[in-house]
Amino acid sequence: MIGRIFYLKELARVANRHVIKVVTGIRGCGKTTLLEQFKKALISNKIDEKQITYISLDDDSKPEFRKSEHLLGYIETKLQIEGMNYIFIDDAYLCNGFQEVVNTLFDKVNTDIYISGSNYSAITEGLKDTYVIKLLPFSFSEYVESQKQIKSYAELTLQQHFMDFAKFGNMPFTLQLFKNSKNIHHYLFTLYNTIIVQDIACVHPIKELKVLDAAMRYILTNTGVSCSSKKLSDILTANGFKTTQPTAESYLNFMEKCGLIYKVDRYDIKSREYLKSLSMFYAADMGLCNMLTRQPVMNPILRNLIFLELKRQGYKIYAGKIGANTIDFVANKNGQTFYIQVEALVSDPKILNKKLRPFKQIKDFNPRVLISLDRTTGTTESGIRYINAIEFLQNGQI
């Protein structure tokens, strides 16, 4: 397993600071692995193993740790009087009353606490000062690096790696299934159902799992499409799953909280106003989306992958509106704004003109970028940058 370097560096930056480090993200994205890798990093940096307490509450061999009094009592017996005590609690939410345990340990002078959990609200509610790291599944560069460690895949081209990445998704465990479509489908189907039950239904009051399932399927098979709670409730009702707008709104919120989807609000470029209606939603993993889709289409897949890389790079992302036209992404970072259009192939002049037309309506001088799978790169006379999608996913540079 490769090191999650970006996130390990982030943990290292906040190590020994008096905040509770919370690692959250969609189930299966690698939270446990990240905590284990950081524990090993501490040991390699000469931290005595006696100063480290690591507990996985998902370990069925020690069910007593899921009771707060037993968990706290055990950890307190491991604390060292001198030096910092590094405490790792993986899947902390499985302990009823874990907040009291964590807050009690946090109040001690020499504790540095790291916890993880898939549901953001469940893992952060009731805690004192927190620093949240929202973990994403593998980036394309991480995926390629992992694939190259497998001898039979080491010589594949970036194009071949990309097609696998777009098809099977970016969950780390899928790489251990060696491109076996049947096994990957089974894993993703099991993961999907586990998210429904453990990360949503066990955390939030859900009356009808079938309606939640229908809502999740619609959102995951329509990524990057404008959707409101009213629209979702109407679609569900029309398909025989009668529901209300508030319930649909709750379902969208629940999907966000467990890291399954990301909400992207709209931004009116002309009026410079942030719009709250008809937001778009993108998925944390395209493998889950493709599993639910009979015939996956490259355009929405590519847009979703570009969105995830922009998010990974720290951009604040909006869906752009300019008159009656749209810009796929308005991406802001460090005071710089980029207008980004994404299209799988733009060799057809009609498709190219359709994607470039909105750029002509923008009056400011922020960079305009077209990302596609075409090999054309560089900047046109009108100042539009052409970027190859695979290269962007590999290096993250606009």
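What counts and what doesn't
- Residues numbered from 1 in each chain as written.
- Predicted model: local features only at pLDDT ≥ 70, side-chain atom pairs only at ≥ 80, totals over all residues.
- Heavy atoms only, no water.
- Phe/Tyr/Trp six-rings, centres within 6.5 Å; stacked < 30°, edge-to-face > 60°.
- Lys NZ or Arg CZ within 6 Å of the ring centre and 35° of its normal.
- Core = buried A, V, L, I, M, F, W, Y, C linked by side-chain atoms within 4.5 Å.
- Buried < 20%, exposed > 50% of the residue type's maximum accessible area, 1.4 Å probe, protein only.
- Contact = heavy atoms within 4.5 Å.
- 1 Å grid on protein atoms, 1.4 Å probe; cavity = no way out; pocket = protein on both sides within 12 Å on 5 of 7 lines; lining within 4 Å.
- Points joined across faces, edges and corners; volume = space filled by probe spheres on them.
- Nonpolar A, V, L, I, M, F, W, Y, C, P; charged D, E, K, R; others polar.
- Helix = DSSP H or I, 4+ residues; strand = E, 2+ residues; numbered from the N terminus.

1. A short note on the packing of aromatic side chains
When we look at a pair of aromatic rings, we describe it by the centre distance and by the angle of the planes.
Okay, step 1: Summed over the entire model, instances satisfying the criterion amount to 18 aromatic pairs.
Okay, step 2: Through pairs of rings, three or more aromatic residues link up here, namely Phe-38, Tyr-54, Phe-88 and Tyr-114.
Okay, step 3: Positioned over the ring face of Tyr-114 is Lys-21, at 5.3 Å from the centre of the ring.
Okay, step 4: Geometry around Tyr-315 places Lys-333 over its ring, the cationic atom sitting 5.1 Å from the centre.

2. As for the nonpolar core
Okay, step 1: By size, the foremost hydrophobic cluster in this structure holds 95 residues, and its most contacted members are Leu-260 and Ile-306.
Okay, step 2: When residues no more than four places from it in sequence are discounted, the contact partners of Leu-260 are Ile-26, Ile-195, Met-216, Leu-220, Met-255, Tyr-282, Ala-283, Ala-284 and Leu-288.
Okay, step 3: Of all hydrophobic cores here, the second largest spans 21 residues; its members include Leu-57, Leu-71, Ile-75 and Val-102.

3. Structural notes on empty space enclosed by the protein
Okay, step 1: Counted by the stated rule, this structure contains 2 cavities of 30 Å³ or more.
Okay, step 2: Of the volumes computed, that of the largest cavity is approximately 50 Å³.
Okay, step 3: Tallied by class, the residues present in the lining of the largest cavity amount to 6 nonpolar, 2 polar and 1 charged.
Okay, step 4: In terms of lining, the second largest cavity is formed by Phe-138, Ser-139, Phe-140, Phe-165, Asn-170, Leu-305, Leu-308, Glu-309, Arg-312 and Leu-393.
Okay, step 5: Sorting elements by how many residues they give to the lining of the second largest cavity places helix 13 (residues 298-312) first, with 4 residues.
Okay, step 6: A class-by-class count of the residues in the lining of the second largest cavity yields 6 nonpolar, 2 polar and 2 charged.

That's the geometry; what it means functionally is another story.
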